[in-house]
Amino acid sequence: MAELKDEDFLDDIAAAEAEELAGQTEEFDDASLEIDSLRAERDELKDRFMRALADAENARKRGDKARREAENYGGSKLARDMLPVYDNMKRAIEAATDEQREVAAALIEGVELTMRSLLGVFEKHGIRVVSPEVGDKFDPQVHEAMFEAPVPGTKAGDIIQVSAEGFMLHDRLLRAAQVGVSSTPAG
């Protein structure tokens, strides 16, 4: 019987060790699961933070771009409305004959000074005149063809007449230059 007790005791020790080992394994499993869960949550929060940071940066860039465009092109409607004033002043200066220039020299000089002042304001705000010359090649990006006619001694697509100058606002077309274009001359 004494031997039985020793075996029972050994069985009890083995069972106790197995029980303790199972408890530790459960603790390790629970801790591992909790660590894995916390890592997944951390990774998700990090991802959300990075996306929010990227969204904020994109919003800042869009705002900067919108601000720059507003600075450069915000006055385009006013600028477009001022172009007929330029056209009328230019016509008035060109219409003055030499005789009229002698009689009303001060008046014509005032109109010319006003014209230079208007061009200075245009330049200050990024508006520049597009002045094609007769013989230049037609460019549909900056020219508007008002008519087409066969003219001997020209190539198809050459500008044969300039009706009105065009204008650019920075890098955008404000008004196309109005031109007459040569078609293929009838041979």
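Everything quoted here is computed from the prediction, not taken from an experiment. (Residues numbered from 1 in each chain as written. Predicted model: local features only at pLDDT ≥ 70, side-chain atom pairs only at ≥ 80, totals over all residues. Heavy atoms only, no water.)

Visitor: Sorry if this is basic, but what is going on with the sheet that holds strand β2 (residues 143–150) here?
Guide: For sheets, the rule is that strands pair by backbone hydrogen bonds, running either parallel or antiparallel. What the three strands build is an open sheet, ordered β2-β6-β3; its pairing is mixed. The open sheet has two free edges, formed respectively by β2 and β3 (159–164), since each of these has just one partner strand. The average undirected angle you get between the axes of adjacent strands in this sheet is 25°. Pairing between β2 and strand β6 (residues 177–183): seven bridges, direction parallel. (Pairing = 2+ DSSP bridges. Helix = DSSP H or I, 4+ residues; strand = E, 2+ residues; numbered from the N terminus. Axes fitted to C-alpha atoms, helices over the stretch in contact; angles between N-to-C directions.)

Visitor: Would you mind going over the environment of Asp87 with me for this structure?
Guide: In this fold, Asp87 is placed in helix α2 (residues 76–95). Sequence-wise, Asp87 and Met115 are 28 residues apart; in three dimensions their C-alpha atoms are separated by 9.9 Å.

Visitor: Would you mind going over the layout of surface pockets with me for this structure?
Guide: The gaps of empty space that remain are located by a probe, the size of a water molecule, rolled over the atoms. Space inside the largest pocket adds up to approximately 210 Å³. Put simply, the parts of the chain that give the lining of the largest pocket at least two residues each are α1 (2–73), α2 and α4 (105–124). Of the residues assigned to the lining of the largest pocket, the class counts are nine nonpolar, four polar and one charged. By volume, the second largest pocket amounts to about 170 Å³. Residue lining of the second largest pocket: Tyr86, Asp87, Lys90, Arg91, Glu94, Val162, Ser163, Ala164 and Glu165, and that is the complete set. Elements with a minimum of two residues in the lining of the second largest pocket: α2 and β3. (1 Å grid on protein atoms, 1.4 Å probe; cavity = no way out; pocket = protein on both sides within 12 Å on 5 of 7 lines; lining within 4 Å. Points joined across faces, edges and corners; volume = space filled by probe spheres on them. Nonpolar A, V, L, I, M, F, W, Y, C, P; charged D, E, K, R; others polar.)

Visitor: What is the right way to read a nonpolar patch on the surface from this model?
Guide: Taken together, the side chains of Phe49, Met50 and Leu53 define a hydrophobic patch exposed on the protein surface, amounting to about 320 Å² of accessible area. Of note, Met50 is situated in helix α1. (Patch = residues over 30% accessible without salt bridge, like charges linked within 9 Å, V, L, I, M, F, W, Y side chains within 5 Å. Areas by Shrake-Rupley, 256 points an atom, 1.4 Å probe, with all protein chains shown as cover. Salt bridge = Lys/Arg side-chain N within 4 Å of Asp/Glu carboxyl O.)

Visitor: Help me out: how do you make sense of the confidence of the model for the chain in this one?
Guide: Parts of the prediction with low pLDDT should not have their coordinates interpreted in detail. Scored by pLDDT, the chain comes out at a mean of 88, with 88% of its residues at no less than 70. Taken element by element, the chain is modelled with least confidence in α1, mean pLDDT 82, and with most confidence in strand β4 (residues 166–169), mean pLDDT 95. (pLDDT = per-residue confidence, 0-100.)

Visitor: Would you take a moment to explain the nonpolar core for this structure?
Guide: The tendency in soluble globular proteins is for nonpolar side chains to be buried side by side. Membership of the largest hydrophobic core comes to 13 residues, with the highest contact counts inside it found for Tyr86, Phe122, Ile127, Phe167 and Leu174. Looking at this core, the elements that each hand over two or more residues are α2, α4 and β4. If we ignore the near neighbours within four places in the chain, the residues touching Ile127 are Ala79, Phe122, Phe167, Met168, Leu169 and Leu174. (Core = buried A, V, L, I, M, F, W, Y, C linked by side-chain atoms within 4.5 Å. Buried < 20%, exposed > 50% of the residue type's maximum accessible area, 1.4 Å probe, protein only. Contact = heavy atoms within 4.5 Å.)

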